[in-house]
Amino acid sequence: MRLIFMGPPGAGKGTQAGRITAEYNYLHLSTGDILRAHRKKGTELGQQAQSYMAAGELVPDDLILKMVAAEFERPEIENGFILDGFPRTVAQADALDEVLKETGKTLDFVLVMDVPDEELVARLTARRTCRTCGRSYHLTFNPPKTPGVCDVDGGELYQRDDDKETTVRNRLAVYMRQTQPLIEHYTKQGLVRHIDGVGSVDEVFSRIRKVLESHSHTD
Ligand code: AMP
């Protein structure tokens with residue numbers, strides 16, 4: 001299955017994409033995670049992206065498209081994929097449409113996770129992320145077993161510099177302005193399914209699973 005996860009920052013895209021890949025073995029492509037890995041390694045792309053990311057602005061399309069094109073070369077992509085955090089602009093969506101057309105692939109769903117703004121701010125400012133694997137936790141609703149330490153690999157948990165409140169508010173504004181219009185783009189293609197993103201990780205996951213299973217039955 002080929003999916004796009006769309007929704008404002010903090011809606012739970014990464015968490016839910018992780019749950020789906022664990023169960024279905026699709027490739028999880030998070031452009032945010034890939035960019036953070038570049039920053040950690042200090043690559044040229046990482047350095048170019050740094051100031052945009054710290055301000056909560058989008059990294060320019062040409063850099064993102066080059067990076068995503070390389071990911072699409074990976075053989076695992078054939079098992080299906082979940083795009084998380086991409087596309088984020090109309091130009092990125094057009095480029096994706098083009099790549100899919102060239103490779104004879106189609107999308108199955110664009111899942112839009114809906115969560116009210118104030119809950120997003122509360123979620124993001126209390127989010128902590130593992131330096132090693134990128135998994136996220138919430139200080140209150142999804143805390144690690146040991147404070148400051150990732151349950152899975154023992155990595156150090158830190159607060160992303162763009163999870164501070166002023167940057168979070170800018171990221172939400174950027175989402176409304178640049179990414180929300182894509183919902184219309186995919187609605188026209190008949191691909192959008194809205195998912196209520198409020199509730200526990202399990203509750204939201206079962207709503208997603210219902211959508212994915214509705215598709216397999218009609219195939
Ligand atoms: P995320 O982890 O998806 O919230 O992404 C973190 C940051 O990485 C964003 O605030 C942007 O600065 C940058 N970023 C990630 N994906 C994209 C994209 N598709 N286009 C432009 N910038 C992106």
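Look up a bit, the structure's there.
Residues numbered from 1 in each chain as written. Predicted model: local features only at pLDDT ≥ 70, side-chain atom pairs only at ≥ 80, totals over all residues. Heavy atoms only, no water.

A. Region of the structure containing the packing of aromatic side chains. One pass over the full model with this rule turns up 2 aromatic pairs. With a centroid separation of 5.6 Å and 10° between ring planes, the pair formed by Tyr24 and Tyr26 is classed as stacked. Since its relative accessible area comes to 25%, Tyr24 is described here as partly exposed. Seen from their ring centres, Phe72 and Phe81 are 5.5 Å apart, and the 70° between their planes marks the pair as edge-to-face. Phe81 gets classed as buried once you look at its relative accessible area, which sits at 0%. (Phe/Tyr/Trp six-rings, centres within 6.5 Å; stacked < 30°, edge-to-face > 60°. Buried < 20%, exposed > 50% of the residue type's maximum accessible area, 1.4 Å probe, protein only.)

B. Structural context of the nonpolar core. Met6 and Tyr186 are the most contacted members of the largest nonpolar core, which has 31 residues in total. Looking at which element gives the most residues to this core, the answer is helix α4 (residues 61-71), with 4 residues. Not counting chain neighbours up to four residues away, the residues in contact with Tyr186 comprise Ile4, Met6, Pro87, Ala93, Leu96, Asp97, Leu107, Val110, Leu191 and Val192. Ranked by size, the runner-up nonpolar core spans 22 residues in total, among them Phe5, Val121, Leu172 and Phe205. (Core = buried A, V, L, I, M, F, W, Y, C linked by side-chain atoms within 4.5 Å. Helix = DSSP H or I, 4+ residues; strand = E, 2+ residues; numbered from the N terminus. Contact = heavy atoms within 4.5 Å.)

C. Focus on the site of the ligand. Around the ligand there are 16 residues in total, and Thr31, Arg36, Glu57, Gly85 and Gln92 lie nearest to it. Taking Val59, its main chain carries an N or O atom lying 3.0 Å from a nitrogen atom of the ligand. In the complex, 96% of the free accessible area of the ligand, which totals 480 Å², lies under the protein chains. For the shell around the ligand, the residue count by class is 6 nonpolar, 4 polar and 6 charged. (Near = heavy atom within 4 Å. Polar contact = N/O pair within 3.5 Å; in protein donor to acceptor, adjacent residues only side chain to side chain. Areas by Shrake-Rupley, 256 points an atom, 1.4 Å probe, with all protein chains shown as cover. Nonpolar A, V, L, I, M, F, W, Y, C, P; charged D, E, K, R; others polar.)

D. Focus on the pattern of salt bridges. A full pass over the atoms with the stated rule returns 16 salt bridges. The partner of Arg123 in a salt bridge is Glu119, and the shortest N-O contact between them spans 3.1 Å. A residue pair is termed a helical-turn pair when its members lie 3 or 4 positions apart in one helix, as Arg123 and Glu119 do in helix α6 (residues 117-125) at 4 residues. Looking at Arg123, the relative accessible area reads 16%, which means it is buried. Notably, a salt bridge pairs Asp162 with Arg160, separated by 3.0 Å at the nearest N-O pair. The residues Asp162 and Arg160 share a single accessibility class, namely buried. (Salt bridge = Lys/Arg side-chain N within 4 Å of Asp/Glu carboxyl O.)

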